[in-house]
Amino acid sequence: LQVFDDEGKDVTPRTLFHSDPNTVVPRQGKLFASSAYFGATGSGFLSSFSTHQTSGVNASLGSFSRSRLLTSYNFSDVQVRQEEIKEELTKADLDRRVDIYLTETETIWILDMPSVVVSVESEDAGRVLERNRIYVDICKNRPGNDRFVEKMMQTVNGAAKNKEVQCDKINMEDKGMMVTSWDLYDSFNVLEIEPTSKAESSRATTGKSSKPHTTREHNQTMSLSSDRGSTTSSIMISESAVLARIHEEEECHSEAILTSENFQQDLFFMERILMENIFQPKLAAYRQFPVLTDPDVTSDTGGTVKAKQEEHDKEKKDKEEQKEAFVGPSILSDLHKTPEEIVPPRLERLWSYICDLTNGHSVSSMAWSKVNPDLLAVGYGVFDFKEQKKGLACCWSLKNPMWPERIFRCEHGVTALDFSMASPNLLAVGMYNGSVAIYNVQSCNDAALLDSSESSNKHTGPVWQLRWVEQDRGATEDGKKERLICISADGRITEWLIQKRLDCTDLMKIKRTESEKKKLPGEKERKSEALISRQAAGMCFDFHPKDANFYLAGTEEGQIHQCSCSCNEQFLETYRGHKGPVYKVAWNPFSTDMFLSCSADWSIILWHQDSQTPILTFSSATACVHDIMWSPKSAFIFAAANESRVEIWDLSVSTLNPVISCFASPGVKVTSVLFAKNTDCLLVGDSKGEVGVFELQNLAAPNSSKV
């Protein structure tokens, strides 16, 4: 075979092996002469063939030129040269039938992947279905079955690594000590003997001669050198083990004593006794008892001590009068006495409820227990939105002013709290995030009994005030029903139902009202402003002291609404007088048709329920008034908490200036006030976390209970 390119040049590859030219190649007449030829040669011996048309011969005449191909066979080293011999084909040759048989070579498998699918009609179908059913049962019963254990195994062992660590140099020292033969005996046998008391050990030390010894029974002194280091180390280890065991036993006994209930109860009573001894003069002044002197003091020294005490008290009173007390000028003008004979009213500090736990938390609310007048609940939180942190609700007792009896830690700042009347052990707490929780003060557990976290109607704003309110059930039922009422910044006044969980219903949704502005002559009508929210934020409320169906609600807009529990759609009256948020409203407990309100606009207003015009406005300082409270003993006296001071107002003396003004420390704001129930004392809470107890002195007794 020859290979020619497009230009007709012979480019046939040359073989490296040249055959012998004298070799005779046998000829065959036909290329496909017989079927035996293909059967003999197959696909391995027939290398190639070519057929060429003879030029110059007409195709219609059927004259073709058949090229006879001589195939070169390679038998080891023998190669036959190919030659082409042209042969004329006749018509008979063209019409003759030639049988050609094609056979396949053996299949070569490059990739063999067995099938995972079995036909349903195959013989193995039943066996495969049974195996699949068993596997499904195993997978179903595997969870929780003891026969199956999940383990992790390491099939390939990691290569071992050599690691070196450099440490400080170890210094070796030789030490010696003086011992006797019985010391050696006792040291080696001390671990086998049960520990005895100190008396037995001392007796065994003095009577060493009665113990069995080695062959030497007299005292001998031994000097331990380096070759006896093992004996010395064993002795030191034994002694250290004995001391460690004795120390552990002493610690176990001390812990058992400290954790015993009897010891803790004794400590509790001892602490109460010490506190009452320390605060005895203050507690006596609080309860308006005479202060007793120590009878053990002799008559000679008693006079000196008493004189010094009186002198010290006089100096202290003079200083406090100059710093804290401010007497209104109307007091001197109204009284027909000389200034030397007048003793001005003042506040005398007795003690403060504060500890390390409450220091730094702002006092947000205070409430007395309904059955125990010596138990005070104080809520600690932060009013500023940017400085929020966890809150506290603590129960303080007069018997221990230095540490609270109960401590309830809350996730959010406490904004309001109150004791229940029907169940005096329940304390309701409102928080800054809108949640309400109820705690049991009888239990030492600080977890809440109930909370509103699972309620779908819980508040979305801070709960600014809550209170347990008693309401008559009617003539058919005996007793009174107690309800828990809350007001929140989300504009809702809710009543909470105490069942298996806390859930609430809305008493009133406070809606925003348009301010009534007088139209000036010639002024055009203003378009109504678009409101972001139809709800007005509620700040405070107070129920009528005689009719629990009516209550007042103060809002952030500066308005006070009179509402009824029977009607939750509209207000009965609306009192407009404040220009800022109303922080507190309070009915007068004696003259029940009058009430007070304080606001962030620096003013306190006295209202009559039948008049929408303020009767009196009190403004003594340019500071927000955070809290007010009527005195439980007089219809004329009320306390107010300005930012920088506490004010006591007596309307029977003056309506222009307070009779007492007690200034707070620099940088401290007064946040809340609370009158004591049975005594003439006032409690003042501030932003530092301190609740000060003050005694009201020299206040005039009221002549009438009506304002």
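For every chain, the first residue of the written sequence is number 1, and numbering continues from 1 onward in sequence order. Residues qualify for local features only when their pLDDT is at least 70, as the model is predicted, and side-chain atom pairs are given and counted only at 80 or more; totals for whole chains, interfaces and linings, by contrast, use all residues. Excluded from the side-chain calculations are hydrogens and water; all other atoms, namely the structure's heavy atoms, are used.

Draft legend 1. Just the side chain of Asp-418, in detail. Mapped onto the secondary structure, Asp-418 falls in strand β12 (residues 414-419). Polar contacts involving the side chain of Asp-418 include one to the side chain of Lys-370, which spans 3.0 Å. Sequence-distant contacts of Asp-418, defined by excluding residues within four places in its chain, comprise Ala-367, Lys-370, Leu-426, Leu-427, Ala-428, Leu-466, Arg-467 and Trp-468. For helices the rule is a DSSP run of H or I covering at least 4 residues; for strands it is a run of E covering at least 2, with both sets numbered from the N terminus onward. Polar contact is defined as a pair of N or O atoms within 3.5 Å, subject to the rule that within protein one atom must be able to donate a hydrogen and the other to accept it, and that residues adjacent in sequence are counted only when both atoms are side-chain atoms. Here, two residues are considered to be in contact whenever any of their heavy atoms come within 4.5 Å of each other.

Draft legend 2. Structural view of the environment of Ser-566. Mapping Ser-566 onto the fold places it in the loop between β22 (559-564) and β23 (573-576). Ser-566 sits in the exposed class, given a relative accessible area of 64%. C-alpha separation for the pair Ser-566 and Leu-507, spaced 59 residues apart in sequence, amounts to 8.6 Å. Separated by 3.3 Å, the side chains of Ser-566 and Asn-549 make a polar contact. For the exposure calls, accessible area comes from a 1.4 Å probe over protein chains only, and a residue counts as buried if that area is under 20% of its type's maximum, exposed if over 50%, partly exposed in between.

Draft legend 3. View of the nonpolar core. Take the buried residues of types Ala, Val, Leu, Ile, Met, Phe, Trp, Tyr and Cys, join any two whose side-chain atoms come within 4.5 Å, and each joined set is a nonpolar core. Membership of the largest hydrophobic core comes to 26 residues, with the highest contact counts inside it found for Tyr-286, Trp-351, Leu-376 and Val-691. Those elements giving two or more residues to this core turn out to be α8 (280-286), β7 (346-353), β8 (362-368), β9 (375-381), β10 (391-397), β33 (681-686) and β34 (691-697). When residues no more than four places from it in sequence are discounted, the contact partners of Leu-376 are Tyr-353, Met-366, Ala-367, Trp-368, Cys-394, Cys-395, Trp-396, Leu-674, Leu-683 and Val-691.

Draft legend 4. Geometry of unusual backbone geometry. In this structure, Trp-602 takes a positive phi of about 75° despite not being glycine. Following the sequence through the fold, Trp-602 ends up in the loop between β25 (594-599) and β26 (604-608). Judged by its relative accessible area of 41%, Trp-602 is partly exposed. At Asn-698, a position not held by glycine, the phi torsion is positive, near 65°. Relative to the elements of secondary structure, Asn-698 occurs in the segment after β34.

Draft legend 5. Geometry of the sheet that holds strand β21 (residues 550-555). What makes two strands pair is DSSP finding at least two bridges between them. Read from one edge of the open sheet, four strands run β20-β21-β22-β23, paired in antiparallel fashion. Since the sheet does not close on itself, it has two edges, and those belong to β20 (538-543) and β23, each with one partner. Direction aside, neighbouring strands of the sheet carry axes that sit 20° apart on average. Helix axes are fitted only over the stretch in contact, all axes being lines through C-alpha atoms; the angle between N-to-C directions runs from 0 to 180 degrees.

Any functional reading would require information that these geometric values do not contain.
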